[in-house]
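Structural characterization, general
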Amino acid sequence: MMTPQQQLALLDEQIKVAEKHVDQLYDYRRRLINQYDLNKGKYQNIKVTRPFF
């Protein structure tokens, strides 16, 4: 059985990982938008890979 302090520490770690994933997804989104703009509004030649978790 975990103590409340251990549970909080575990949650804090999970939150840090989730925040990193959110940052990666926003970065992925920004790169997709930039690539779309470079293609002058056409969804072709988009070479951006989605982050894997």
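Scroll up to find the structure this text is about.
Residues numbered from 1 in each chain as written. Predicted model: local features only at pLDDT ≥ 70, side-chain atom pairs only at ≥ 80, totals over all residues. Heavy atoms only, no water.

1. Comments concerning the overall build of the chain
The condition that has to hold: Numbering goes from the N terminus for both helices and strands, where a helix is a DSSP run of H or I of at least four residues and a strand is a run of E of at least two. Two things to know: the radius of gyration comes from C-alpha atoms, and the globule rule equals 2.2 Å times the number of residues to the power 0.38. Each residue's exposure class comes from its accessible area (1.4 Å probe, protein chains only) as a fraction of the maximum for that residue type: buried when under 20%, exposed when over 50%, partly exposed otherwise. Each accessible area is a Shrake-Rupley result for a 1.4 Å probe, and residues are judged covered by the shown protein chains and nothing else. We count Lys and Arg on the positive side and Asp and Glu on the negative side, and we leave His and both chain ends out. Charged groups are reduced to one reference atom each: NZ for lysine, CZ for arginine, CG for aspartic acid, CD for glutamic acid.
A count of helical and extended segments in the chain gives 1 helix and 0 strands. In terms of overall size, the chain is more extended than a compact globule, its C-alpha atoms giving a radius of gyration of 18 Å where 53 residues would be expected to give roughly 10 Å. Counting only C-alpha atoms, the chain reaches 55 × 15 × 10 Å along its principal axes. Sorting the 53 residues of the chain into buried and exposed places 8% on the buried side. For the chain, the computed accessible surface area is about 5000 Å², with 58% contributed by carbon and sulfur atoms. Distance between charge centres in the chain, computed from 9 positive and 6 negative side chains, equals 14 Å.

2. Examining the environment of Ile33
Take Ile33: it is sitting in helix H1 (residues 4-38). What makes Ile33 partly exposed here is its relative accessible area of 37%. On a C-alpha basis, the gap between Ile33 and Val17 in space is 24 Å, while along the polypeptide they are 16 residues apart.

3. Let's talk about the environment of Gln5
Structurally, Gln5 can be placed in helix H1. Under the relative-accessibility criterion, Gln5 is labelled exposed at 59%. For the pair Gln5 and Asn39, spaced 34 residues apart in sequence, the C-alpha to C-alpha distance is 51 Å.

4. Notes on the environment of Arg31
As a reminder, the rule being used: Throughout, a residue-residue contact means that at least one pair of heavy atoms, one from each residue, lies within 4.5 Å.
With respect to the secondary-structure elements, Arg31 resides in helix H1. Arg31 sits 18 residues away from Thr49 along the chain, and the two C-alpha atoms are 9.4 Å apart. Not counting chain neighbours up to four residues away, the residues in contact with Arg31 comprise Val48 and Thr49.

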